[in-house]
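# Geometric and topological summary
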Amino acid sequence: MPAPMPANVMDALDRHFTLHRLWEQGDPDAFLAERGPQIAGMAVSTLSGMIDAAWLDRLPALKIVSSFGVGYDNVDAAAAAARGVVVTNTPGVLDEEVADLAIGLLLATLRRIPQADRYLRAGRWGDAPFPLSPTLRGRRVGIIGLGAIGKAIARRLDAFAVSVAYHGRSQQAGVAYPYYDSPVALATACDVLIAIVPGGAETRHMIDGAVLAALGPDGVLINVARGSVVDEAALIAALDAGTIGGAGLDVFADEPNVPDALLAFDNVVLLPHVGSASQATRAAMGQLVVDNLIAWFDGKPALTPVPETADLNRGQ
Ligand code: NAP
Ligand code: 8YV
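Residues numbered from 1 in each chain as written. Chains lettered and ligands numbered in written order. Predicted model: local features only at pLDDT ≥ 70, side-chain atom pairs only at ≥ 80, totals over all residues. Heavy atoms only, no water.

On to the layout of surface pockets. The calculated volume of the second largest pocket comes to roughly 420 Å³. Thr18, His20, Ile39, Ala40 and Gly41 are, among the 22 residues lining the second largest pocket, the residues nearest its centre. In terms of residue class, the lining of the second largest pocket is made up of 16 nonpolar, four polar and two charged. (1 Å grid on protein atoms, 1.4 Å probe; cavity = no way out; pocket = protein on both sides within 12 Å on 5 of 7 lines; lining within 4 Å. Points joined across faces, edges and corners; volume = space filled by probe spheres on them. Nonpolar A, V, L, I, M, F, W, Y, C, P; charged D, E, K, R; others polar.)

Take a look at the structure:
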């Protein structure tokens, strides 16, 4: 384990395996040089940094990387597959939680809930009523990435009686929401854009200045995907110029660093990457990290391999 993980993960791994905590080693490089060739499994999270080809090369006996989180852009899955290493993630246990947060962030951004709270606490209510906010009513919401979480968000939006459309690499059979074949086309047709695609090279900056311009001056961007999906400089420029109406961001390009320019905007709500961060959901994600390792080293297939390594998933 390169970096600390939730207590339920570390406790369970201590019970089932010999767990090496790399951050507790006085000289991590010397430790890896000596013990790396014996390491058969890894448990990682975004705190572990990028698990890339160079990392994998230090662990020649590695069989499986069990990653905490459904997004696995922190692991080079292609490099793992090339070395016969299975990678697992934690799908299915966090969809509803992240969708709840996305809707909360959307409402907080449009109705300015954090700003209203700050206004009251500052003792300003007695001076004048809080300024009127934009509304969700009558909005057209575009979802970029109508996957497991995107669909959970869409189900919630149906109950809010707003229209939903989506973009992905292709139109999905059996999905009735209108499909747009590019982010610009979706943004043109909508005035709320919710990003919930995987991170990585393929989606880097897919929400750029042109997409934000298409969203328009009343438009609101909600990013619960990855910071890399949005061109942060273009977003700051659009907010500065007033060419979009506001943004709600749970993820950033260089976490945990957030540009000062974003902190300065009053029409932006900022969260410290808490989409899945309830006690119950994080515990379920941690359990799945553990269960994947237990299954594999019991000689069974891992429970939730990522697509790039699914063919390798035959069990230890
Ligand atoms: P998923 O079920 O695999 O869905 C991903 C969706 O993105 C699919 O509908 C896919 O549709 C679309 N997509 C993939 N690559 C694309 C591309 N290059 N261009 C356009 N669309 C693309 O994944 P999920 O479980 O919903 O999770 C999605 C992502 O949310 C994760 O990978 C993670 O980065 C992020 N996430 C964030 C938090 C948080 O705390 N903020 C929590 C959980 C997840 P097509 O295959 O049709 O293109
Ligand atoms: C986690 C996430 O907060 O699942 C994901 O892709 O972004 C979040 O659920 C993150 O992975 C923590 O390491």
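The discussion continues.
The next point concerns the packing of helix α5 (residues 95–111) against helix α7 (residues 148–159). At a minimum axis separation of 8 Å, α5 and α7 run at an interaxial angle of 55 degrees. Here α5 is positioned oblique relative to α7, judged by the angle of their axes. Every pair of crossing elements has a handedness; the one defined by α5 and α7 is right-handed. Where α5 approaches α7, its residues Asp95, Glu96, Val98, Ala99, Asp100, Ala102, Ile103 and Leu106 are matched on the opposing element by Ala148, Ile149, Ala152, Ile153, Arg155, Arg156 and Leu157. Here the contact of α5 with α7 is built from residues that sort into ten nonpolar, no polar and five charged. (Axes fitted to C-alpha atoms, helices over the stretch in contact; angles between N-to-C directions. Helix = DSSP H or I, 4+ residues; strand = E, 2+ residues; numbered from the N terminus. Parallel < 35°, antiparallel > 145°, perpendicular 65-115°, else oblique. Left-handed = near helix turned anticlockwise from the far one by under 90°. Contact = heavy atoms within 4.5 Å.)

What follows concerns the site of ligand 1. In the vicinity of ligand 1 lie 28 residues, with Ala148, Ile149, Arg169, Val224 and Asp250 positioned nearest. At 3.0 Å from a nitrogen atom of ligand 1 is found a side-chain nitrogen or oxygen belonging to Glu202. Contact distances for ligand 1 include 3.3 Å between an oxygen atom and a backbone N or O atom of Gly275. Calculation on ligand 1 without its partners gives an accessible area of 920 Å², and the protein chains cover 84% of this total. Taken together, the residues that form the shell around ligand 1 break down as twelve nonpolar, twelve polar and four charged. (Near = heavy atom within 4 Å. Polar contact = N/O pair within 3.5 Å; in protein donor to acceptor, adjacent residues only side chain to side chain. Areas by Shrake-Rupley, 256 points an atom, 1.4 Å probe, with all protein chains shown as cover.)

Now for unusual backbone geometry. Peptide bonds are trans in most cases, and residues, glycine excluded, mostly fall at negative phi. The omega torsion across Glu255 and Pro256 is 5 degrees, close enough to zero to call that bond cis. One non-glycine residue, Arg112, adopts positive backbone phi at about 60 degrees. Within the secondary structure layout, Arg112 lies in the loop between α5 and α6 (113–121). Non-glycine residue His273 carries a positive phi angle of around 50 degrees. Relative to the elements of secondary structure, His273 occurs in the loop between β9 (268–270) and α12 (279–297). A relative accessible area of 27% means that His273 is categorised as partly exposed. (Buried < 20%, exposed > 50% of the residue type's maximum accessible area, 1.4 Å probe, protein only.)

The subject of this paragraph is the domain arrangement of the protein chain. What the domain assignment reports for the protein chain is domain 1 (7–93 + 279–312) and domain 2 (95–270). Listed by partner, the interface residues are six residues for domain 1 and six residues for domain 2. With both sides pooled, the region where domain 1 packs onto domain 2 buries about 460 Å², and carbon together with sulfur makes up 44% of that total. The largest share of the area that domain 1 buries against domain 2 comes from Asp73, Gly92 and Thr281, three residues that together contribute 68% of it. At the surface where domain 1 touches domain 2, the tally comes to one salt bridge. A salt bridge links Asp73 to Arg226; its shortest N-O distance comes to 3.0 Å. Counting the contacts that link domain 1 with domain 2 gives two residue pairs in polar contact (both at pLDDT 80 or more). (Domains from an automatic or database assignment. Buried area = accessible area lost by both parts, 1.4 Å probe. Salt bridge = Lys/Arg side-chain N within 4 Å of Asp/Glu carboxyl O.)

As a packed pair, α5 and α6 sit with axes 6 Å apart at the nearest point and diverge in direction by 55 degrees. By the angle between their directions, the pair α5 and α6 is classed as oblique. Facing α5, whose interface residues are Leu107, Ala108 and Arg111, α6 presents Ile113, Pro114 and Gln115. Each residue belonging to the contact of α5 with α6 can be placed in one class, and the counts come to four nonpolar, one polar and one charged.

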